[in-house]
Amino acid sequence: MKAVRIHAFGGPEVLQLEDVARPVPAADEILIKLYASGVNPVDWVVREGGNDALRAYLTLPMTLGWDAAGVVEELGSAVTGFQKGDAVYGEPNFPGNGSYAEYCAAKASQFALKPKSLSFTEAAGVPLAGLTAWTALFEHGKLQAGQRILIQGASGGVGSFAVQFAKAKGAYVIGTASAGNLDHLRQLGADEAIDYRSQNVEELVRDVDVVLEASPVRDNAARVKAITVLKEGGTFVSVNVDFPFDEAVQAALAQKKATGELSNNQPRQEWLQEIAQLIDAGKVRVFISKVFPLAEVAEAHRESQTWHVQGKLVLKIRPDGEPA
Ligand SMILES: NC(=O)c1ccc[n+]([C@@H]2O[C@H](COP(=O)([O-])OP(=O)(O)OC[C@H]3O[C@@H](n4cnc5c(N)ncnc54)[C@H](OP(=O)(O)O)[C@@H]3O)[C@@H](O)[C@H]2O)c1
């Protein structure tokens, strides 16, 4: 089968389209015939050799990509709940061999039935960013209906899902983005949209229950400012787990009697099922900004590295209409 692998860490030029053996599923795994793979910033972070949180877990050579949509081709001997031919989506094997390939074997628990209303291409843009938003909002942020949330980086992959999940939950959502994306935030359902470049969020927002840092900004002084908009007892959640809170952030949190959480996404089947239900009910939309053929993965990485993708980038592995 074809797969995009790296044999060394480095720039986009290390991505190689190769022929490799098709994986064989272990007892608790499914083999998925992949139709599309999402592209996420962590893909090029790993390609470059990882960050402090990841470096120790990376081995070469490896197949990148941790966002998959496809059809179940084979079942491991202990797998229940899926059948051959099921259309599925999920987040396979992070940070091991992933979804830039024609087939992928991964734990069945990291997959769920694909939302029926989405194509494979659209579905591949959901799992990693969607699970990141879900974990941060509900597992760490404990967001409840009626609460107020500030979402930084609301137009990106993670942020776009976070805005929609928070609205679906019944929260009041304030999102930040650059000027050209403010209308997009309103389309997503944000109650307020703030331009982080020309407006001062700390002067405009107060008394929020949760701040979600879903932007790529890694700056503890900026976090201290953001914590000032929290209610006493609120929660500051960051998905930038590779960038710990410093003493100034801890002091700002203590002053507000607030909690600080670093949130790593969890690839849970039951959350993928809930996300699929929200999508099929029309409550959450998927925004794909560009689709690339698998062979043009280097171009997709260059685009992701701009940090200004609206929604998601996807690699097409085989035509959506190809029979399972
Ligand atoms: N812990 C985890 O499990 C996990 C998983 C996935 C991602 N992440 C992290 O989550 C962050 C977002 O990832 P993503 O996939 O959503 O990235 P993305 O799709 O590239 O989106 C990034 C968004 O950030 C905004 N942005 C860029 N520069 C900014 C700045 N200086 N200030 C404020 N906002 C800015 C952009 O909005 P505009 O274009 O409107 O400026 C863009 O929409 C990254 O730091 C990533 O490493 C963590």
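Fair warning: this is a prediction, and the values are worked out from it, not measured in the lab.

Domain assignment breaks the protein into domain 1 (2–126 + 286–316) and domain 2 (129–262). Taking only C-alpha atoms, the centre of domain 1 and the centre of domain 2 are 27 Å apart. With 14 residues of domain 1 at the interface, the matching set in domain 2 holds 18 residues. For the pairing of domain 1 and domain 2, the buried interface totals around 1200 Å² over both sides, and the portion due to carbon and sulfur atoms is 59%. It is Val126, Phe287 and Gln310 that lose the most area in domain 1 upon contact with domain 2, and together they represent 38% of the buried surface on that side. Remark: the boundary between domain 1 and domain 2 carries 0 salt bridges. For the pair domain 1 and domain 2, the interface holds 3 residue pairs in polar contact (both at pLDDT 80 or more). Classifying every residue of the side of domain 1 that touches domain 2 by side-chain character gives 6 nonpolar, 6 polar and 2 charged.

Around the ligand, the structure places 25 residues, and the nearest of them are Ser178, Tyr196, Val239, Asn240 and His308. Ser178 is positioned such that a nitrogen or oxygen atom in its side chain is 2.8 Å from an oxygen atom of the ligand. For the ligand, an oxygen atom lies 3.4 Å from a polar atom in the side chain of Asn264. Contact with the protein chains covers 89% of the free accessible surface of the ligand, which is 920 Å². Going through the elements one at a time, α3 (127–140) and α4 (157–169) are the ones with two or more residues in the shell around the ligand. By residue class, the composition of the shell around the ligand is 11 nonpolar, 13 polar and 1 charged. No fewer than three residues from each of domain 1 (2–126 + 286–316) and domain 2 (129–262) sit in the shell around the ligand.

The next point concerns the pattern of salt bridges. With the rule as written, the count across this model stands at 17 salt bridges. Among the salt bridges present, the one from Glu74 reaches Arg22, with a minimum N-O distance of 3.7 Å. Taken together, the residues span a long stretch of sequence, with Glu74 in strand β5 (residues 68–75) and Arg22 in the loop between β2 (16–19) and β3 (29–39) at a distance of 52 residues. Notably, a salt bridge pairs Asp52 with Arg55, separated by 3.0 Å at the nearest N-O pair. Three or more residues joined by partner-sharing salt bridges are found here, namely Arg22, Glu73 and Glu74.

Orientation of α3 relative to α4, taken along the N-to-C sense of each, is 50 degrees, at an axis distance of 8 Å. If you check the angle between α3 and α4, you find them oblique. Viewed along their axes, α3 and α4 form a crossing whose handedness is right-handed. Residues Ala129, Gly130, Thr132, Ala133, Trp134, Leu137 and Phe138 of α3 form the contact with α4, whose own contacting residues are Gly157, Val158, Phe161, Ala162, Phe165, Ala166 and Lys169.

Moving on: the pairing of strand β16 (residues 312–316). Buried residues dominate β16, accounting for 4 of its 5 residues. In the sheet, β3 pairs with β16 via 4 bridges, with the strands oriented antiparallel. Note that in β16 the partner of Gly38 across the bridge is Val314. With 5 bridges joining them, strand β15 (residues 288–293) and β16 adopt parallel strand pairing. When the bridges of β16 are listed, Ile288 appears paired with Lys312. Since β15 and β16 lie parallel, the crossover through helix α10 (residues 297–304) that links them has a hand, and here it is right-handed.

Before going further, it helps to spend a moment on the UniProt feature "domain: Enoyl reductase (ER)" (unreviewed entry) in the protein. The sites that UniProt annotates as "domain: Enoyl reductase (ER)" (unreviewed entry) are residues 10–315. With 28% helix and 26% strand, the stretch residues 10–315 has end C-alpha atoms that lie 20 Å from each other.

A few words on the nonpolar core. Among the nonpolar cores identified, the biggest contains 51 residues, and Tyr89, Leu137, Ile149, Ile151, Phe165 and Leu212 are the most heavily contacted of them. Per-element accounting of this core gives the leading share, 7 residues, to α3. Residue assignment places this core across two domains, with domain 1 (2–126 + 286–316) and domain 2 (129–262) each supplying three or more. Not counting residues up to four positions away in its chain, the partners in contact with Leu137 are Lys142, Leu143, Ile149, Ala162, Phe165, Ala166 and Leu212. Counting residues in hydrophobic clusters, the runner-up holds 37 residues, among them Ile30, Leu34, Leu64 and Trp66.

A few words now on the side chain of Arg223. Here Arg223 lies in helix α7 (residues 220–227). The class for Arg223 is buried, based on a relative accessible area of 1%. Contact partners of Arg223, with chain neighbours within four places excluded, come to Glu213, Phe236, Ser238, Asn240, Phe243, Pro244, Phe245, Val249 and Leu262.

Calculation criteria
Residues numbered from 1 in each chain as written. Predicted model: local features only at pLDDT ≥ 70, side-chain atom pairs only at ≥ 80, totals over all residues. Heavy atoms only, no water. Domains from an automatic or database assignment. Contact = heavy atoms within 4.5 Å. Buried area = accessible area lost by both parts, 1.4 Å probe. Salt bridge = Lys/Arg side-chain N within 4 Å of Asp/Glu carboxyl O. Polar contact = N/O pair within 3.5 Å; in protein donor to acceptor, adjacent residues only side chain to side chain. Nonpolar A, V, L, I, M, F, W, Y, C, P; charged D, E, K, R; others polar. Near = heavy atom within 4 Å. Areas by Shrake-Rupley, 256 points an atom, 1.4 Å probe, with all protein chains shown as cover. Helix = DSSP H or I, 4+ residues; strand = E, 2+ residues; numbered from the N terminus. Axes fitted to C-alpha atoms, helices over the stretch in contact; angles between N-to-C directions. Parallel < 35°, antiparallel > 145°, perpendicular 65-115°, else oblique. Left-handed = near helix turned anticlockwise from the far one by under 90°. Buried < 20%, exposed > 50% of the residue type's maximum accessible area, 1.4 Å probe, protein only. Pairing = 2+ DSSP bridges. Right-handed = clockwise from strand over helix to strand, strands pointing away. UniProt positions renumbered as here; feature names shortened; annotations may be inferred. Core = buried A, V, L, I, M, F, W, Y, C linked by side-chain atoms within 4.5 Å.

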